[in-house]
Amino acid sequence: MAHHDLAIVGTGSGNMIVDDRFDGLDVAHVEATRFGGTCLNVGCIPTKMLAYTAEVAETVRAASSYGVDARIERIRWSDIRDRVFARLDPIGDEGRDYRRDHGTVYDGTARFTGPRAMTVDLADGGTAEFTADRIVLAVGGRPVVPPPVADSGVPFHTSDTIMRIDELPDHLAIIGGGYIAAEFAHVFGGLGCEVTIVESADTLLGGMDETVVERFTDAARERFTVHTGRTVEKVTGGGGDVRLHLDDGTEVRADRLLVAAGRRPNSDRLDLDHAGVDTDDAGRVVVDVHGRTTADGVWALGDISTPHPVKHVANHEAEVVGHNLAHPDELREVDHGFVPAAVFTTPQIGTVGRTEQQCRDEGLEFRVGFHEYADVAFGWAMEEQRGFCKVLVAPDGTLLGAHLLGPQASTMVQQLVQAMVLGVNAQRLADVQYWIHPALTEVLENALRDAVEDD
Ligand SMILES: Cc1cc2nc3c(=O)[nH]c(=O)nc-3n(C[C@H](O)[C@H](O)[C@H](O)COP(=O)(O)OP(=O)(O)OC[C@H]3O[C@@H](n4cnc5c(N)ncnc54)[C@H](O)[C@@H]3O)c2cc1C
Ligand SMILES: NC(=O)c1ccc[n+]([C@@H]2O[C@H](COP(=O)([O-])OP(=O)(O)OC[C@H]3O[C@@H](n4cnc5c(N)ncnc54)[C@H](O)[C@@H]3O)[C@@H](O)[C@H]2O)c1
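Quantities reported herein were computed from a predicted structural model and do not represent experimental measurements.

Caption draft 1: Representation of the overall build of the chain. A count of helices and strands for the chain gives 12 helices and 20 strands. A principal-axis box enclosing the C-alpha atoms of the chain has dimensions of 70 × 55 × 40 Å. Residues classed as buried in the chain amount to 49% of the 455 residues present. Contacts spanning at least 24 positions in sequence make up 62% of the contacts within the chain whose residues lie at least 6 apart. Roughly 20,900 Å² of accessible area belongs to the chain as shown, and the carbon and sulfur atoms make up 48% of that amount.

Printed below as a string of structure tokens:
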């Protein structure tokens, strides 16, 4: 049986760990599907390349409101898809080849057979067994498929497959109304498809700040057919005619179905009990602040273990675990303070820190600073009607949270993230810098002033 000094299972963020600090060690990587993980192959990057493309199409459609008459001649879906994947696929392939040249790569699915011992079901048949001094679990998560879909036998897509389809659907039905549903509704709606969303909660993007949720859900209702507070009881049909039977008797007919009803960690497929690795109630591998699991020599990072399943957090955790493997006597801690997020839709969303409802629920004293895009000059240039910035500020000026909806929200929120991380209070942030006039950032300046200036 092979023995390695270090084995890394999963090549998304896991592939970031090994560099020249590990020269001289025998290192193995194990990957069940495409090298490079979710973000590169089926997640953040292709979705954002498509989201931007959809924005280009929307800009053309909206051009006449600025006095520029334009129309879309044709949407060349196969060219759009191929632009994305012709760029991304070679990156994963090169990553795999590099690792092969510098160590061992197992193309297959690994699970534990004992403490720090694994077997790999190889993609091309057969199995391989290995032990390792140290093992890193970076196996991510996968889409959850609700039973009415899974049991129906009706073909469906998840985020893993929908981006590589051959033809755009006329009508896409989406189950779920979270991040993934919102971004794909934007992509396919922007490219001209009819979109219907079925979400079991009363709003889309539940869990975000209440004003974001309200305005985003309203915006989505204008662009798509949205059923909130509804569940799918049965799925029938097939091929290009999928029918969703909702609990209020509504039948949704579409030619494609996308399931975007949440993701779960892949911990249930690793036979963790053979290795002494514990999980929590949500199926996440339990780790300490250094990334160590409950089993000696086994580490974990990213979506398999984190409470924040976004790529910037997985990257940070990979950096910390990498450092800790290389420097076992100077362990670093993972920092989960002020984790921002963005939703790449129209309107865009950028968010960090507590929501207004969390501030209330925690009984905090706070002020709300609020400003509309429509009330700054660049908002006039853009004819922006819905966008806003909300900041939540404690009596001593500490920023508790910030939420933006509107153009460039994913970029603009970064300035507030920076202030929160560096401990710059709202008054100082508003006062000590010039705010470029008449840039969109005047929305931030005015929201901050609204929170800190006397009524
Ligand atoms: C559609 C979509 C869009 C997203 N957009 C964003 C975004 O815009 N911004 C953002 O921050 N986050 C986004 N995310 C989330 C982000 O992609 C994840 O948080 C991140 O990729 C997790 O990285 P990871 O390294 O933990 O896992 P992954 O990147 O998922 O890597 C895990 C790897 O392990 C492999 N694997 C699984 N089980 C085994 C096994 N038993 N043996 C061997 N290999 C195995 C998998 O094949 C996979 O390659 C998005 C996710 C999705 C699905
Ligand atoms: N821009 C980004 O950062 C980005 C983009 C995509 C995904 N992600 C990550 O991926 C994770 C998973 O995304 P997601 O959108 O799949 O999950 P999610 O948890 O954000 O949303 C799932 C939604 O589906 C609904 N739902 C669940 N079961 C349902 C059912 N049977 N019928 C109808 N609705 C149902 C839930 O109420 C929820 O609103 C996100 O939490 C995020 O961490 C991030």
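Caption draft 2: Looking closely at the layout of surface pockets. In this model, the second largest pocket occupies a volume close to 1,000 Å³. As for the second largest pocket, its lining consists of 30 residues, of which Glu-55, Glu-58, Thr-346, Glu-384 and Pro-407 are closest to the centre. Mapped by element, the contributors of at least two residues to the lining of the second largest pocket are helix H2 (44-62), helix H6 (210-223) and helix H10 (409-422). Broken down by element, the lining of the second largest pocket gets its largest block of residues, eight residues, from H2. Considered class by class, the residues forming the lining of the second largest pocket number 10 nonpolar, 11 polar and nine charged.

Caption draft 3: Structural view of the sheet that holds strand S12 (residues 251-254). Pairing is antiparallel in the open sheet, where three strands are placed in the order S10-S11-S12. Only two strands of the sheet have a single neighbouring strand rather than two, namely strand S10 (232-238) and S12. Neighbour-to-neighbour, the strand axes of this sheet turn through a mean angle of 20°, independent of strand direction. Relative to S12, strand S11 (residues 241-246) runs antiparallel, the two sharing four bridges. Counted as the bridge partner of Leu-244 is Val-252 from S12.

Caption draft 4: Expanded view of the pairing of S11. Looking at chain direction, S10 and S11 are connected through six bridges and run antiparallel. When the bridges of S11 are listed, Gly-238 appears paired with Asp-241. Hairpin connection of S10 to S11: two residues between the antiparallel strands, including Gly-239 at a positive phi of 50°. Taking the residues that link successive antiparallel strands as the turn, the S11-S12 hairpin has four residues, and the phi of Gly-249 there is positive, at about 95°.

Caption draft 5: Structural view of the nonpolar core. Ile-162, Ile-174, Phe-188, Phe-216 and Ile-349 are the most contacted members of the largest nonpolar core, which totals 39 residues. For this core, the secondary structure elements donating two or more residues are H2, helix H3 (77-102), strand S7 (171-175), helix H5 (179-190), strand S8 (194-199) and H6. For this core, the element with the highest residue contribution is H5, accounting for six residues. The contacts of Ile-162, once residues within four sequence positions are left out, are Trp-77, His-157, Leu-172, Phe-184, Phe-188 and Leu-258. Core analysis: the second largest hydrophobic core is formed by 27 residues, Val-413, Ala-426, Leu-429 and Val-452 among them.

Caption draft 6: Expanded view of the site of ligand 1. The environment of ligand 1 is made up of 37 residues, and the closest members are Ser-13, Glu-31, Thr-38, Lys-48 and Asp-303. Here an oxygen atom of ligand 1 and a side-chain polar atom of Thr-38 are 2.4 Å apart. Coverage of ligand 1 by the protein amounts to 91% of the 1,000 Å² it exposes when considered alone. Where the shell around ligand 1 is concerned, the elements lending two or more residues are strand S2 (27-31), helix H1 (37-41), H2, strand S3 (104-114) and helix H7 (311-326). Residues that form the shell around ligand 1 fall into these classes: 15 nonpolar, 16 polar and six charged.

Caption draft 7: Focus on the site of ligand 2. Taken together, 20 residues surround ligand 2, and among them Ile-180, Glu-183, Glu-199, Pro-309 and Ala-342 come closest. Take Ile-180: an N or O atom from its main chain is 2.8 Å from an oxygen atom of ligand 2. For ligand 2, a nitrogen atom lies 2.7 Å from a polar atom in the backbone of Ala-342. Mapped onto the shell around ligand 2, the elements with two or more residues apiece are H5 and S8. Ranked by residue count, the leading element in the shell around ligand 2 is H5, at three residues. Grouping the amino acids of the shell around ligand 2 by side-chain chemistry returns 11 nonpolar, five polar and four charged.

Caption draft 8: Quick peek at H5. Spanning 12 residues, H5 covers 16 Å between terminal C-alpha atoms, matching the ideal 16 Å at 1.5 Å per step. Those residues of H5 that sit buried are Ala-181, Ala-182, Glu-183, Phe-184, Ala-185, His-186, Val-187, Phe-188, Gly-189 and Gly-190.

Caption draft 9: Looking closely at the sheet that holds strand S18 (residues 367-372). One open sheet accounts for five strands, arranged S16-S17-S20-S19-S18; its pairing is antiparallel. Each edge of the sheet is formed by a strand with only one pairing partner; in this case those strands are strand S16 (341-343) and S18. The average angle at which neighbouring strand axes cross in this sheet is 10°, direction not considered. Where strand S17 (residues 349-353) and strand S20 (residues 399-405) come together, five bridges link them in antiparallel fashion. Paired with Val-352 across the two strands is Ala-402, which belongs to S20. The strands touched by H6 are S17, S18, strand S19 (388-393) and S20; relative to S19, the strand with the most contacts, the crossing angle is about 165°.

Caption draft 10: A look at the pattern of salt bridges. Across all of its chains, the model carries 31 salt bridges by this definition. Between Asp-248 and Arg-230 there is a salt bridge, and its shortest N-O distance comes to 3.8 Å. On the criterion of sequence distance, the pair formed by Asp-248 in the loop between S11 and S12 and Arg-230 in the loop between strand S9 (225-228) and S10 is long-range, its members being 18 residues apart. You can call Arg-230 partly exposed: its relative accessible area is 26%. What emerges from the salt-bridge pattern is a single network uniting Asp-209, Glu-210, Glu-356, Arg-360 and Lys-390.

About the thresholds
Residues numbered from 1 in each chain as written. Chains lettered and ligands numbered in written order. Predicted model: local features only at pLDDT ≥ 70, side-chain atom pairs only at ≥ 80, totals over all residues. Heavy atoms only, no water. Helix = DSSP H or I, 4+ residues; strand = E, 2+ residues; numbered from the N terminus. Buried < 20%, exposed > 50% of the residue type's maximum accessible area, 1.4 Å probe, protein only. Contact = heavy atoms within 4.5 Å. Areas by Shrake-Rupley, 256 points an atom, 1.4 Å probe, with all protein chains shown as cover. 1 Å grid on protein atoms, 1.4 Å probe; cavity = no way out; pocket = protein on both sides within 12 Å on 5 of 7 lines; lining within 4 Å. Points joined across faces, edges and corners; volume = space filled by probe spheres on them. Nonpolar A, V, L, I, M, F, W, Y, C, P; charged D, E, K, R; others polar. Pairing = 2+ DSSP bridges. Axes fitted to C-alpha atoms, helices over the stretch in contact; angles between N-to-C directions. Core = buried A, V, L, I, M, F, W, Y, C linked by side-chain atoms within 4.5 Å. Near = heavy atom within 4 Å. Polar contact = N/O pair within 3.5 Å; in protein donor to acceptor, adjacent residues only side chain to side chain. Expected span 1.5 Å × (residues − 1). Salt bridge = Lys/Arg side-chain N within 4 Å of Asp/Glu carboxyl O.

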